[in-house]
Each structure stands twice: as structure tokens, then as C-alpha cells.
Amino acid sequence: MGKINAIITGVGGYVPDYVLSNEELSRMVDTTDEWITTRVGIKERRILTEEGLGTSYMARKAAKQLIQKTGVDPDTIDALIVTTTTPDYKFPSTASIVLGKLGLKNAFAFDFSAACCGFLYTLDVAASMIQSGRYKKIIVIGADKMSSMVDYTDRSTCVLFGDGAGAVLLEATEEENVGVVNSFLRTDGKGLPYLHMKAGGSVCPPSRFTVDHKLHYLYQEGRTVFRYAVTDMGDDVQKIMEMNNLTADDVKWVVPHEANLRIIEAVTKRAGIPMDKVVVNIEHYGNTSSATIPLALWDNETNMRKGDNVIFTAFGAGFVHGASFYKWAYDGSKFATAK
């Protein structure tokens, strides 16, 4: 038996129907379309507005589309992992809810928490599980209902975030030179003061005080986060290129976390990679946290070809950051009518 590689064999996605445009936001807070577009590159974001629906709903939609388009037998799925910052409940796991709704009979499920780096980290963990030889098929889902933690009276954060979910099927293969090659992942632990939710956890449990003082919303010091994101993602992309002896010409696609267009432009410029090789959809979805990278893959899948050299990179609360080198394993055009 040869070396086992872990490959993505299909991508599913889901975004809610409701579109929250910059124009509509400008009627809610003191902002303008021009201000938002020039600073972060976002024109609109999708919002899950239906009452009683959470992250698991979007995750299930993305996974169901993934299963249908790949034709995988649900009974052959070994594990399902949901990476999210906005779980349906403290417990049980969102993954267990998704698994139950999908009717997966032979899989186990768990949640993974790494903020906006969630998909990047989870993909590496799932690939390691497959490379161990113990598992053959794993569904990895990045999903977040960011609207559930955004204060729509705070113009510095409410313009940034949207809701959505993306899913990939990761499978084992003995084919060489495909799949997850390696990753450079790091956590520096300095980020707590700059990006967090102040209440709702064990340090500061929910109370009337925390609700009255709006402590259950996302808090961010934008300038500091921007600076760290550009530096860390930029260094990580260069590091993963060095680890694999890649030049900018060798890289076919960079698929970055979609937090801010200016961050993406600064990161790829440092690596000497032109923007026509960078997958960007932040204009339409905003920052969907764990869902940004798989949704970008979902949007770009039909343009990807077997053997393409792909770099994933992300940055999130913690601070967590990293980059991965991946060799694409199939001709995405076969799914041209599946979205």
C-alpha cells in the first residue's frame, strides 16, 4: 500500500436569499456605499433572516448539495466536522445536528473552533485523519451566521459580516502529487483584547447586565486586526511558498480568507502574486468567517483544473493564522451545471 493522500473531490455551498446591500446599511447607520467599498471592498452580504434557523441550517444545505453533486453514498461517510464561531447551541455540537438531519448512519461528528481560520485548520486536521489510513471520507463544513453576533448600530463592524456555509468532501487516494501537501499553521495568543465577544462564556456568563450593556456582540479593534492580518498572512504565504520551492509563476490560485479586500491585496502583493490569480468574492458575501474559503472554492470550482497549485491562507481571532499548499485533484468544469 502506497502513501495515502487526502483530496477534495467536490465543493458545496449555501448563502441565504436575503441580500443586505450597502445602500440599505446606509439607512441603518452613518455610512455610505462609497465608504464601505473603498475601505473593505464589500457591496453586499447575505443574511439568514428566517426565525428559528441557525448555522446548522446553512451547513446542512451546503452538505446536502455536496452529497448530491458528488454522488457519494452517505453511508460511506466516516466523519463530519463543522467549523464555526456561531454554533446553534453551546451544546450539543452543531455537527451532530447536521449529521442527524442528513441521516449519516456510519459517521461521527464534532465542531471545531478557530474563528476565521476554522476551515484552514480543519482541512489540515481532516487531511491528517485520512492520511493516517483510519478514515476514507470526511465532510468538512465551514459555516457561520455572523449576523447573530453583529451590532447593527455599530458601523465599524456591521458593514463587514455576512452569513453562509461551504462544504468539501475530503477523500483518500493513493494517487501521487494531489491533495493537501503541507501547511504552516500558527497561533500567537495575543489577540484576545482586539477581537472577541465580551460575554456569554464561562468568564462572563449571560445576565441582564451583559444584555443591557451589549456585551454579546462582536468587538473588534479594526486597525490592530488589519495590521496583524496583513503581516501574518503575508509572512505565511511566503513561508508556504518557500517550504514547497514555489515561485509566483508556479501558483495558479490563492484562495484567501475574505475579510477585507485591502488585506487580500496587500498580502498577495508581498508575495508577488497578481490579483488575477486570487479568488475574491468578498464583494457579494462579505466576511462569513469559517465559510469564506469554501465559499470562494464553490464560486471558483469550475475554473479549477487537475494539477493546479493552490494556496489557502487565513487569519482570525486569537490570533490564529496560517497557509496551506494544495494540489487540485479534478477538473472542476465537470460541475459547471451543478451549482
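Shown above is the structure to which this text applies.
Note that this is a predicted model, so its numbers are computed, not measured.

## Let's talk about the pairing of strand β5 (residues 108-112)
Taken residue by residue, a regular strand's side chains alternate between the two faces of the sheet.
Okay, so step 1: Note: strand β4 (residues 79-83) against β5, 5 bridges, orientation parallel. Across the sheet, the residue bridging to T83 is F112, located in β5.
Okay, so step 2: After leaving β4, the chain enters helix α4 (residues 94-102) and then returns to the sheet as β5, a path that is right-handed.

## Brief notes about helix α11 (residues 292-300)
Side chains three or four residues apart in an α-helix point the same way, a direct result of the helix having 3.6 residues per turn.
Okay, so step 1: Judged by how many residues are buried, α11 sits mostly within the fold: 8 of 9 residues are covered.
Okay, so step 2: Among all positions in α11, only T292, I293, P294, L295, A296, L297, W298 and N300 are buried.

## What about the environment of T76?
Okay, so step 1: Residue placement: T76 occurs in the loop between α3 (55-70) and β4.
Okay, so step 2: Overall, T76 belongs to the partly exposed group, its relative accessible area being 29%.
Okay, so step 3: Within the structure, T76 has its side chain in polar contact with the side chain of K137 (distance 3.3 Å).

## What about the pattern of salt bridges?
Okay, so step 1: What the rule picks out here adds up to 7 salt bridges.
Okay, so step 2: For the salt bridge of R27 with E23, the shortest nitrogen-to-oxygen distance reads 2.4 Å.
Okay, so step 3: One salt bridge in this structure joins D331 and R305, with 3.2 Å as the shortest N-O distance. Of this pair, D331 sits in the segment after β13 (320-327) while R305 sits in the loop between α11 and β12 (309-316), placing them 26 residues apart in sequence.
Okay, so step 4: With relative accessibility at 35%, the residue D331 sits in the partly exposed group.

## With respect to the nonpolar core
Okay, so step 1: I8, I138, L297, F312, Y326 and W328 are the most contacted members of the largest nonpolar core, which totals 46 residues.
Okay, so step 2: The greatest single-element share of this core, amounting to 8 residues, is contributed by helix α5 (residues 118-131).
Okay, so step 3: Aside from chain neighbours lying at most four places away, what touches F312 is L120, L123, V255, I293, L297, G322, A323, S324 and Y326.
Okay, so step 4: Counting 40 residues, the second-largest nonpolar core is a separate cluster that includes I42, F161, L218 and I311.

## Concerning the packing of α3 against α4
Okay, so step 1: Following both chains from N to C, one finds α3 and α4 inclined at 45 degrees, their axes separated by 9 Å at the closest point. With respect to α4, the element α3 is oriented oblique. Considering the relative orientation of α3 and α4, their crossing is right-handed. Facing T55, S56, A59, R60, A63, K64 and I67 of α3, the residues of α4 in contact are T94, I97, V98, K101 and L102.
Okay, so step 2: When its residues are assigned to classes, the contact of α3 with α4 shows 6 nonpolar, 3 polar and 3 charged.

## Looking at the sheet that holds strand β6 (residues 137-145)
Backbone hydrogen bonds are what pair the strands of a sheet, in a parallel or an antiparallel way.
Okay, so step 1: Strands sit in the order β1-β7-β6-β4-β5 across an open sheet of 5 strands; the sheet is mixed. If you trace the sheet from one side to the other, it starts and ends with β1 (5-14) and β5, each paired once. Neighbouring strand axes in the sheet, compared pairwise and without regard to direction, differ in orientation by 20 degrees on average.
Okay, so step 2: For β1 and strand β7 (residues 163-173), the ladder comprises 9 bridges, and the chain directions are antiparallel. Note that in β7 the partner of G13 across the bridge is G166.
Okay, so step 3: Sheet strands in contact with α3 are β1, β6 and β7, and its direction is about 120 degrees off that of β1.
Okay, so step 4: Across the sheet, α5 is in contact with β1, β4, β5, β6 and β7; its angle to β7 comes to roughly 20 degrees.

## A few points about unusual backbone geometry
Peptide bonds are, in most cases, trans, and in most cases residues other than glycine have a negative phi.
Okay, so step 1: The linkage connecting F91 with the following residue, P92, adopts the cis geometry, with an omega of 5 degrees.
Okay, so step 2: In this structure, P92 sits in the loop between β4 and α4.
Okay, so step 3: In this model, G318 is joined to F319 through a cis peptide bond whose omega is 0 degrees.
Okay, so step 4: Within the fold, F319 resides in the loop between β12 and β13.
Okay, so step 5: A positive phi angle is found at N177, which is not glycine, with a value near 60 degrees.
Okay, so step 6: Here N177 shows up in the loop between β7 and β8 (179-187).

## Remarks on the side chain of T173
Okay, so step 1: When you line up the elements, T173 lands in strand β7.
Okay, so step 2: Here E175 takes part through its backbone nitrogen, which lies 3.0 Å from a polar atom of the side chain of T173.
Okay, so step 3: Look past the residues within four positions of T173 in its chain and what remains in contact with it is K3, I4, N5, I7 and V178.

## What to know about the packing of aromatic side chains
Okay, so step 1: Within this structure, the stated rule accounts for 11 aromatic pairs.
Okay, so step 2: Considering the side-chain rings of Y194 and F319, the 6.1 Å spacing of their centres and the 5 degrees angle between planes classify their relative orientation as stacked. Note that Y194 is positioned in the loop between β8 and β9 (195-197) and F319 in the loop between β12 and β13, a separation of 125 residues in sequence.
Okay, so step 3: Under the relative-accessibility criterion, Y194 is labelled partly exposed at 24%.

Thresholds, definitions, all that
Residues numbered from 1 in each chain as written. Predicted model: local features only at pLDDT ≥ 70, side-chain atom pairs only at ≥ 80, totals over all residues. Heavy atoms only, no water. Pairing = 2+ DSSP bridges. Helix = DSSP H or I, 4+ residues; strand = E, 2+ residues; numbered from the N terminus. Right-handed = clockwise from strand over helix to strand, strands pointing away. Buried < 20%, exposed > 50% of the residue type's maximum accessible area, 1.4 Å probe, protein only. Polar contact = N/O pair within 3.5 Å; in protein donor to acceptor, adjacent residues only side chain to side chain. Salt bridge = Lys/Arg side-chain N within 4 Å of Asp/Glu carboxyl O. Core = buried A, V, L, I, M, F, W, Y, C linked by side-chain atoms within 4.5 Å. Contact = heavy atoms within 4.5 Å. Axes fitted to C-alpha atoms, helices over the stretch in contact; angles between N-to-C directions. Parallel < 35°, antiparallel > 145°, perpendicular 65-115°, else oblique. Left-handed = near helix turned anticlockwise from the far one by under 90°. Nonpolar A, V, L, I, M, F, W, Y, C, P; charged D, E, K, R; others polar. Phe/Tyr/Trp six-rings, centres within 6.5 Å; stacked < 30°, edge-to-face > 60°.

Keep in mind these numbers describe shape, not what the thing actually does.
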